Amino acid sequence: MTNYALIGAAGYIAPRHLKAMKETGGTLHAAFDINDSVGIMDSHFPDAAFFTQFEQFDAHVHDLRTRGTGIDYVGICSPNYLHKPHMGFALRAGADAICEKPLVLDPADIDDLAALEKETGKRIHSILQLRLHHSIIALKEKIANGPKDKIYDVDLGYFTSRGAWYHASWKGFDQKSGGIATNIGVHFYDMLSFVFGPMKENIVHHRGTDAAAGYLEFEQARVRWVLSINRDHLPAHTPAGQTTHRSITVEGEEIEFSGGFTDLHTASYQNVLDGGGYGLDVVRPSIELVSHIRTAAIEPSRGEQHPDIAKVLAG
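About the cut-offs
Counting of residues starts from 1 at the beginning of each chain's written sequence and follows it residue by residue. This being a predicted model, a pLDDT of at least 70 is required before a residue's local features are given, and a value of 80 or more before pairs of side-chain atoms are given or counted; all residues contribute to the totals for chains, interfaces and linings. Side-chain descriptors were evaluated using all non-hydrogen atoms of the structure, hydrogens and water having been removed beforehand. Going along the chain from the N terminus, every DSSP run of H or I of four or more residues is numbered as a helix, and every run of E of two or more is numbered as a strand. We take the radius of gyration over the C-alpha atoms and set the globule estimate at 2.2 Å times the residue count to the 0.38 power. Type-normalised accessible area, obtained with a 1.4 Å probe on protein chains alone, sets the label of each residue: buried when under 20%, exposed when over 50%, and partly exposed for intermediate values. Two residues form a contact once any of their heavy atoms are found within 4.5 Å. Per-residue accessibility takes into account occlusion by the displayed protein chains alone, with areas from the Shrake-Rupley method and a 1.4 Å probe. When charges are counted, neither His nor the chain ends are considered; positive counts come from Lys and Arg and negative counts from Asp and Glu. Just so you know, the charge point we use is NZ for Lys, CZ for Arg, CG for Asp and CD for Glu. What qualifies as a polar contact is a pair of N or O atoms within 3.5 Å, subject to a donor-acceptor requirement within protein and to the restriction that residues adjacent in sequence count only when both atoms come from side chains. Buried Ala, Val, Leu, Ile, Met, Phe, Trp, Tyr and Cys residues form a nonpolar core when they are joined through side-chain atoms within 4.5 Å.

Draft legend 1. Here's a closer look at the overall build of the chain. Along the backbone of the chain there are 11 helices and 12 strands. Against the globule reference of 20 Å for 315 residues, the chain gives a C-alpha radius of gyration of 20 Å, in line with a compact fold. With respect to the principal axes defined by its C-alpha atoms, the chain has extents near 60 × 45 × 35 Å. The burial tally for the chain puts 52% of its 315 residues in the buried class. When contacts within the chain are restricted to residue pairs at least 6 apart in sequence, those whose partners lie at least 24 apart make up 69%. For the chain, the exposed surface amounts to about 14000 Å²; the carbon and sulfur share of it is 49%. Across the chain, the mean location of the 29 positive side-chain charges is 1 Å away from that of the 39 negative side-chain charges.

Draft legend 2. Quick look at the environment of R246. Following the sequence through the fold, R246 ends up in strand β11 (residues 244-250). C-alpha separation for the pair R246 and Y158, spaced 88 residues apart in sequence, amounts to 4.4 Å.

Draft legend 3. Fine view of the side chain of Q129. Relative to the helices and strands, Q129 resides in the loop between β6 (124-126) and α5 (134-144). A distance of 2.9 Å separates the side chain of Q129 from the side chain of K101, its partner in a polar contact.

Draft legend 4. Inspection of the nonpolar core at higher detail. Counting 66 residues, the largest nonpolar core has F57, M87, V154, Y189, L192, F196 and W225 as the members making the most contacts within it. No other element matches helix α8 (residues 180-196), which puts 11 residues into this core. Non-local contacts of W225, meaning those with residues more than four positions away in its chain, are made with L156, A181, Y189, I203, A212, A213, G214, Y215, L216, I293 and H306. Counting residues in each nonpolar core, the second largest holds 20 residues, with I13, A20, M41 and Y73 among its members.

Treat this as a map of the structure, not an account of what it does.
In structure tokens, the structure reads:
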């Protein structure tokens, strides 16, 4: 039986972690969140201790360890800027960490965490569920089996409408979320490097509070990308009444991965339990990529622009 603790139990993504813990045969012993809207726990682990004060959570985890019920893994679903200290807590508590993306905001934090892994002998695992999606695995195999010198043309467009609440929450502050490209895009960039190899060039066409766009070159791909949370940016071809438009095309062919997400956190947990998982070295390239996007000069005339960027630039 695997023993779990959970940080960020009231968060949007927490139910997927709870489901993964249960479906992989584990037990949640303790959970923490500053908010107490955690009724979802009743569907999975009604007997788990819950705390809204981190000091009490910390003390409880310590008590469990002294009584011989040490925590094996701490799932981390807290706001992005808290990931690093919460992973530090997990490792110092004698547990591995399974953390949501983005793992950290600053690439230098990866070095700090690597030193802590060495000190404690524990490991950090990042949730990178797109690497486990059947459509992405099939695409990777197709590219790997294709011409080694071929450079593929890729378009990534992700428009996901968010209300005024987004900007008032921690997600609306770059120093807490990392900005649009980090908060809603980091797993796409990781997927692109997973499929097409190391990044070679990173050009930013637009960077704002509600949208970002640019051009990337990987070892085997030229990528035009645009991300937005502004409903006014939805492309004209978005079906009426639809508030989200997501599209990834490779050589003009749509890659369909809207379905199949439900069980990917369970697959991610099982991957860790089986001795796999995605560690700090795997995460570093995407964290460096989004860090560059936050600080790079805006150069709309360099590289090719995404075909759905007009409304973003006009705004």
